[in-house]
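Reading the structure
One-letter residues, chain by chain:
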Amino acid sequence: MWQFRELLTDVKLIVSNPYSLDTMTNVLSKYKFFREAVHSGKNGGFKHLMDYTLSRLYVENDQPCDWGCNNTTNQQTSAADPGSHWINTLRLDVSSSVEATFVMKQMQKYRHQPWQKLVVDIGANDGLMSSNSFNFIQRGWSAILVEPQKGQLEMAKKNLYGFTNQSPGQKVTFVEGVISDHDGTETMLLSPDVVSMETRVIPNSGDSVLTITVNSYSVQTFAKKYDVPKYFGILSIDAEGLDVKILKQWMDLDFRPMYIIVEFLHQPNQDTGRESLEKLGYHRIGRIGFNHIYEYDITLIVS
């Protein structure tokens, strides 16, 4: 009864913060049944659930085509035939605090989008829970998912199976490692929490803690190895304390992602680099949950 009472108290806390998946998982992760269910979900279960529920839903659009359609013949034919409609897919925003939908809406104001449809997701975890790249991959975007934990990366491959070949030229790459200020290897502390499964860089102290050694790439090496263009859609960074240092490398190397999403969950008082970004043509368009979202001045893009 005491456990049930405690659970009800936690549910009230979740209801008071309805837009954050992180809040929900952090509160309920102390319950064993919840932890086991989430771990199963991360390991392909949630993907399976969506495949057999959301994938059965669709939206029938009375308008045969929007401004993005470039097939005039098909548009005229469909418009002449009232029984012909275009089918749109109903999706679920899986990002932590609906920042994916927020960015998508921001993009809609541009009829001309001169950036490559690519998401670079640093700290991708399982590629689904609280992911800033999953929904864009669903829409046919290319992506590079960087995650130091092999197990999490294997989960990401399961969760993204079937979404990675929807459009010509789409390519989804999975990178086991970290982005830091040097090439080589990095020692990281591994969280035993099966829900969050977080990692963070630690000094090589020799203490008896659970650690892993992973490949480390500087931004320059990483961008060259995976052919990252100067102008691309989204750079998402969740690097547990190295966010600003990583972001500075991208800026110093003259990369200009149209949107930058940086999480400061564990460093609420950390310098977010806002002033430096604003000098380069960025402005912060929102702070959603622990995520700061920046947009680049499109007029500065050199064709």
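Residues numbered from 1 in each chain as written. Predicted model: local features only at pLDDT ≥ 70, side-chain atom pairs only at ≥ 80, totals over all residues. Heavy atoms only, no water.

What about the packing of aromatic side chains?
Counted by the stated rule, this structure contains nine aromatic pairs. Here Phe-222 and Trp-250 contribute two aromatic rings whose centre-to-centre distance is 6.2 Å and whose plane-to-plane angle is 80°, an arrangement assigned as edge-to-face. Taken as a pair, Phe-222 in helix 8 (residues 219-225) and Trp-250 in helix 9 (residues 243-252) lie far apart in primary sequence, 28 residues in all. Each member of the pair, Phe-222 as well as Trp-250, carries the same accessibility label: buried. Its end group placed over the ring of Phe-163, Lys-47 keeps NZ or CZ at 5.1 Å from the ring centre. (Phe/Tyr/Trp six-rings, centres within 6.5 Å; stacked < 30°, edge-to-face > 60°. Helix = DSSP H or I, 4+ residues; strand = E, 2+ residues; numbered from the N terminus. Buried < 20%, exposed > 50% of the residue type's maximum accessible area, 1.4 Å probe, protein only. Lys NZ or Arg CZ within 6 Å of the ring centre and 35° of its normal.)

Considerations on a nonpolar patch on the surface
Nonpolar side chains collect at one region of the surface, where Leu-57, Val-59 and Leu-90 lie side by side and expose about 220 Å² of accessible area between them. Along the chain, Leu-90 turns up in the loop between strand 2 (86-89) and helix 5 (99-107). Leu-90 gets classed as partly exposed once you look at its relative accessible area, which sits at 38%. (Patch = residues over 30% accessible without salt bridge, like charges linked within 9 Å, V, L, I, M, F, W, Y side chains within 5 Å. Areas by Shrake-Rupley, 256 points an atom, 1.4 Å probe, with all protein chains shown as cover. Salt bridge = Lys/Arg side-chain N within 4 Å of Asp/Glu carboxyl O.)

Section: the packing of helix 3 (residues 32-51) against helix 7 (residues 150-159)
At a minimum axis separation of 7 Å, helix 3 and helix 7 run at an interaxial angle of 20°. Here helix 7 runs roughly parallel to helix 3, going by the angle between their axes. Here helix 3 and helix 7 pass one another in a crossing that is left-handed. Contact with helix 3, carried on its side by His-39, Gly-41, Lys-42, Asn-43, Gly-44 and Lys-47, involves Gln-152, Met-155, Lys-158 and Asn-159 of helix 7 and no other residues of that element. Here the residues of the contact of helix 3 with helix 7 are counted per class, giving one nonpolar, six polar and three charged. (Axes fitted to C-alpha atoms, helices over the stretch in contact; angles between N-to-C directions. Parallel < 35°, antiparallel > 145°, perpendicular 65-115°, else oblique. Left-handed = near helix turned anticlockwise from the far one by under 90°. Contact = heavy atoms within 4.5 Å. Nonpolar A, V, L, I, M, F, W, Y, C, P; charged D, E, K, R; others polar.)

Some details on the side chain of Ser-180
As for its position among the elements, Ser-180 is in the loop between strand 6 (178-179) and strand 7 (184-190). Within polar-contact distance, the side chain of Ser-180 engages the side chain of Ser-216 at 2.4 Å. Every residue in contact with Ser-180, bar those within four places of it in the chain, is listed here: Glu-186, Ser-216, Tyr-217, Ser-218, Val-219 and Gln-249. (Polar contact = N/O pair within 3.5 Å; in protein donor to acceptor, adjacent residues only side chain to side chain.)

Details of unusual backbone geometry
Notably, Ser-130 is not glycine yet its phi reads approximately 60°, a positive angle. Summarising the element assignment, Ser-130 is placed in the loop between strand 3 (116-122) and helix 6 (134-138). Residue Asp-227 is not a glycine yet carries a positive backbone phi of 55°. Assignment of secondary structure puts Asp-227 in the loop between helix 8 and strand 10 (232-237).

A short note on the environment of Val-120
Mapped onto the fold, Val-120 is located in strand 3. For the pair formed by Val-120 and Ile-234, sequence separation is 114 residues and the distance between their alpha carbons is 6.3 Å. Excluding residues within four positions of it along the chain, Val-120 makes contact with Ile-144, Phe-222, Val-228, Phe-232, Ile-234, Leu-235, Ser-236 and Trp-250.

Some points on the nonpolar core
Counting residues in hydrophobic clusters, the biggest one holds 58 residues, and the most contacted among them are Val-120, Ile-122, Phe-136, Phe-222, Val-228, Ile-234 and Trp-250. The next biggest cluster of nonpolar side chains, apart from the first, holds five residues, and it includes Val-27, Tyr-31, Phe-34 and Val-38. (Core = buried A, V, L, I, M, F, W, Y, C linked by side-chain atoms within 4.5 Å.)

Quick word on the pattern of salt bridges
As enumerated under the stated definition, the model contains nine salt bridges in all. Here Lys-248 makes a salt bridge to Asp-252, at a shortest N to O gap of 2.7 Å. With Lys-248 and Asp-252 both in helix 9, this residue pair falls four residues apart, about one helical turn. Of the two residues examined, Lys-248 and Asp-252, each falls in the exposed class. The partner of Arg-274 in a salt bridge is Glu-278, and the shortest N-O contact between them spans 3.0 Å. Here the residue Arg-274 and the residue Glu-278 both occupy positions in helix 10 (residues 274-279), the gap between them amounting to four residues, near one helical turn.

Details of the sheet that holds strand 12 (residues 282-288)
Spatial ordering of the open sheet is given by 5-4-3-10-11-13-12, a layout of seven strands whose pairing is mixed. Each end of this open sheet is capped by a strand with a single partner; those strands are strand 5 (172-176) and strand 12. Direction aside, the axes of adjacent strands within the sheet are offset by 15° on average. Note that strand 3 and strand 10 share five bridges and pair parallel. Along strand 10, the bridge assignment pairs Val-119 with Ile-234. (Pairing = 2+ DSSP bridges.)

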